[in-house]
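So you can see what is in the structure, the chains are spelled out below.
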Number of protein chains: 2
Amino acid sequence: MRVSRWYARYAWVGHVAERVLIETDGQRISAVTVDTDPPADAYRLPGFVLPGLANVHSHAFHRALRARTDAGQGTFWAWREQMYAVAARLDPESYYALARATFAEMALAGVTAVGEFHYLHHDPKGRPYGQPNAMGESLVEAAADAGIRVTLIDVCYLRGGFDRPVDGPQVRFSDGDPQRWADRASDAPSAAHVLCGAAIHSVRAVPADAMAVVRDWAAERDAPLHVHVSEQPAENEACVEATGRTPTELLAEHGVLGRRTTAVHATHLSGADIRLVGDSATRTCLCPTTERNLADGIGPAAALRDAGSPLCVGSDSHAVIDLFEELRAIELNERLASLRRGTHRPEDLLAAATTSGMAALGWDAGALAPGRLADLVAVAVDGPRLAGVDPDHLPAAVVFAATAADVTHVVADGRPVVIDGRHVSVPDVGWALDQSIKAVSA
Amino acid sequence: MRVSRWYARYAWVGHVAERVLIETDGQRISAVTVDTDPPADAYRLPGFVLPGLANVHSHAFHRALRARTDAGQGTFWAWREQMYAVAARLDPESYYALARATFAEMALAGVTAVGEFHYLHHDPKGRPYGQPNAMGESLVEAAADAGIRVTLIDVCYLRGGFDRPVDGPQVRFSDGDPQRWADRASDAPSAAHVLCGAAIHSVRAVPADAMAVVRDWAAERDAPLHVHVSEQPAENEACVEATGRTPTELLAEHGVLGRRTTAVHATHLSGADIRLVGDSATRTCLCPTTERNLADGIGPAAALRDAGSPLCVGSDSHAVIDLFEELRAIELNERLASLRRGTHRPEDLLAAATTSGMAALGWDAGALAPGRLADLVAVAVDGPRLAGVDPDHLPAAVVFAATAADVTHVVADGRPVVIDGRHVSVPDVGWALDQSIKAVSA
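Residues numbered from 1 in each chain as written. Chains lettered and ligands numbered in written order. Predicted model: local features only at pLDDT ≥ 70, side-chain atom pairs only at ≥ 80, totals over all residues. Heavy atoms only, no water.

Concerning the relation of the copies chain A and chain B
Working step 1: Between chain A and chain B, which share one sequence, the superposing operator has a rotation angle of 180° and an axial displacement of 0.0 Å; the RMSD is 0.0 Å. Taken together, the rotation angle and the small translation identify this as a two-fold axis. Across chain A, the rotation axis passes nearest the C-alpha of Ala405(A), at a separation of 3.2 Å.
Working step 2: An overlap of 100% is found between the interface residues of chain A and their copies at the interface of chain B, pointing to a shared contact surface. (Least-squares fit on C-alpha atoms with pLDDT ≥ 70 in both. Contact = heavy atoms within 4.5 Å.)

Quick look at the structure:
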């Protein structure tokens, strides 16, 4: 099905517009007209129509952990052992099935592009697969079959900590040295729905000299460069002990920060760290539903924004997949920490999940405007959660009260992916999740 | 429709039981049998079946504020001005319509009993209606028509602060003196789906001598006694300044704490306050989605629990109506504050929304056991949010990943209220919300 004209009662075009005709020419938007009548051949989208959402930080396989780690006690590091156990069980086939189902869940939630922070490169013993990017191929095929675009963020991971080599499940993650990482990453799968990016897993997993290789690889390709930064206090302490610098200082010193760079988490930053991130216009990807699930803490979102860092969001560990939850948690966490309301405007939070998020992933999308990729998400406004809202408050209603279950229609690259709450190409997303998760669970 | 036998693949009977037959005799459960085959005449409930949920603290009319206060800045006190503006516009007819729609939204979310903290007693000029409990009647009728039970918690509210009389919209709240409050409350509407309770609005709104009247009124009737406690630091400061005591100390001194008492919020407590609440076995009603929305802060839930206070939850201002969100926020807030996971077991959180919550409202419900009121809630486990869960992790999955949208069936007092996600007696809950909210919005 290829529709070229979409019509919305309400749509977000930087403000709330009414009676909006969105015309497409293949995969891009060709015209947006407001205050107009619907042409007879237009597909009428219900509710409030937004640009497609960008899920900037994802580990697809973590979906298999949902609810299975929440009854126990401990810290992030105890959770990581459970996560490693799933990582150790995946092969290209089971990874494809799990990622396809997870990406389909994302599509149902309005996500049209995902940043997959991919480090499961090799077999469980650390040996390259016959096709060295077999696992990445699985992710790329999974995204295609789930109807969304993917930025395959190829992660460099070379050691288990500042003073130790990779161990156990981590051997899958490592290419051994930075040049072999670069060689494999350079051969990553390509397709129309795929962009490639690079990542430094973290300061603990990538030696300083290897950071330069990853940085230059991304710069040569004008590709997104992502890095986990200061998710946990222990990571900061280890970094300071080993290098005399905070993770952010170390990244800055090695030229990793900048406009193409996204710092993921950035939870435990000093004032100086915040200035380094902001002054370099490094983007910050907040993952609040994961950061609360993993007991990471509340990051300095407003301070980062004020310093000059554009914000975006990711569902990361997929404790839940609901970008509206991510967005409202940015503001609600700020309220819990400051006892003040209204630090983040709903409109700015919408931008985090659309314009800013798509930029973090390298996609020319995230706005309902001519020339952009034709990604549309319709959110029901007549259901129990949003009913009663007036047009002026639609951005606030979506950010503060909508859930993934309120998404009725999703269009990516001009193609319908979700219609009336049903995925077009994955007929039963629940079943796909159930089967693929049980295949990799103990 | 009166069904007497219900069958669940999975049900919560203090643990996860499989193949469960729940038999009812009118409005009560007569037998629960596990590991049994379904009789031919049983209604098969899908998913995971829980006891009906108790929404212990509600201001139904706040539903009209959803999303309309989130774009602005300020504190709780600025929000209160917006809330008062809606309060000033309600009459018995519009209050009925708004409460019916709001209670129907609760039913869709699995709530079978609500505690309505009711203080809109009089007309906008503070004059009693011809029928002095006309506004309470509206709430009682609304609950009946929405298919849920209500504990009408009649609130005593006599002054605007420690040093000032009621003013502006507050004149609706006041009966003038405690005896007139007691006289009116004694004439509150009664019906099979209604219990009456009493409330001291807060230490700022009820003078110490009047507290005794409310306390004794509740004691004579063995009725629930609720009180807002320390939601905001400013309330503590004003109380200490006026009385030399914290709100909790003042309540303790006047004999308000105890097993029939529920302290609502209890966000800003001292260590001594926590011991007073715990030692008296006073219940604590946490309202985390409201407490984050209103920038109240994170309360000491684990400390209260450890001191001996049973926890329960309410959706309070209805920023969202989703008790699973309330439950997980108890644990997730603790993780944000402590950087540790696993302070609250999922099973204990389920008890907060069921056994403990129903006890706080005076209902003999909250467990799937013979003799209890027949309240059942079925949560889909095959949708995108819960798919992949194994039976052992069902409590964690419901608490950490389910949303109100996953509730498919609700039975209250043995009667079906929601079937396949549709309300039985309110055919379009969204429309009912839309119309009733717009009728009271500026």
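A closer look at the pattern of salt bridges
Working step 1: For the coordinates displayed, the defined rule picks out 62 salt bridges over all chains.
Working step 2: Where Glu325(B) meets Arg292(B), a salt bridge forms, and the shortest distance between an N and an O atom there is 3.0 Å. Residue Glu325(B) is found in helix α11 (residues 323-338), and its partner Arg292(B) is found in helix α9 (residues 288-293); the two are separated by 33 residues along the sequence.
Working step 3: Between Asp348(B) and Arg345(B) there is a salt bridge; the shortest N-O distance is 3.2 Å.
Working step 4: Beyond isolated ion pairs, a larger network of salt bridges with shared partners links Asp70(A), Glu331(B), Arg335(B) and Arg341(B). (Salt bridge = Lys/Arg side-chain N within 4 Å of Asp/Glu carboxyl O. Helix = DSSP H or I, 4+ residues; strand = E, 2+ residues; numbered from the N terminus.)

Overview of the side chain of Thr284(B)
Working step 1: Of note, Thr284(B) is situated in strand β11 (residues 283-286).
Working step 2: In contact with Thr284(B), not counting residues within four places along its chain, are Thr262(B), Ala263(B), His265(B), Ala266(B), Val277(B), Leu304(B), Ser309(B), Pro310(B), Leu311(B) and Cys312(B).

Notes on the pairing of strand β5 (residues 53-58) of chain A
Residues and elements named next belong to chain A.
Working step 1: The element β5 is largely enclosed, with a buried count of 6 among its 6 residues.
Working step 2: Both β5 and strand β6 (residues 111-118) contribute to a ladder of 4 bridges, which runs parallel. Bridging from a neighbouring strand, Ser58 pairs with Glu116 of β6. (Buried < 20%, exposed > 50% of the residue type's maximum accessible area, 1.4 Å probe, protein only. Pairing = 2+ DSSP bridges.)

Some remarks on unusual backbone geometry
Working step 1: With a phi angle near 50°, Asp316(A) is a residue other than glycine that sits in the positive phi range.
Working step 2: Structurally, the position occupied by Asp316(A) is in the loop between β12 (311-313) and α11 (323-338).
Working step 3: In this structure, Arg19(B) takes a positive phi of about 50° despite not being glycine.
Working step 4: Its place among the elements puts Arg19(B) in strand β2 (residues 16-25).
Working step 5: On the basis of relative accessible area, Arg19(B) is assigned to the partly exposed category, the value being 28%.

Quick look at the layout of surface pockets
Working step 1: Of the voids in this model, the second largest pocket is the one considered here, and its volume is about 240 Å³.
Working step 2: Taken together, 16 residues form the lining of the second largest pocket, with Asp434(A), Lys438(A), Val381(B), Asp382(B) and Val389(B) sitting closest to its centre.
Working step 3: Of all the elements in the fold, those that place two or more residues in the lining of the second largest pocket are α14 (429-438) of chain A together with β1 (5-12) of chain B.
Working step 4: Per-element accounting of the lining of the second largest pocket gives the leading share, 4 residues, to α14(A). (1 Å grid on protein atoms, 1.4 Å probe; cavity = no way out; pocket = protein on both sides within 12 Å on 5 of 7 lines; lining within 4 Å. Points joined across faces, edges and corners; volume = space filled by probe spheres on them.)

Brief notes about the confidence of the model for chain A
Working step 1: Per-residue pLDDT for chain A has a mean of 97; in total, 100% of the residues score no lower than 70.
Working step 2: Scoring of the predicted complex yields 0.97 for pTM and 0.97 for ipTM. (pLDDT = per-residue confidence, 0-100.)

Some words on helix α13 (residues 394-401) of chain A
Working step 1: Within α13(A), 8 of the 8 residues are buried, which leaves the element mostly enclosed by the surrounding structure.
Working step 2: Among the residues of α13(A), those classed as buried are Leu394(A), Pro395(A), Ala396(A), Ala397(A), Val398(A), Val399(A), Phe400(A) and Ala401(A).

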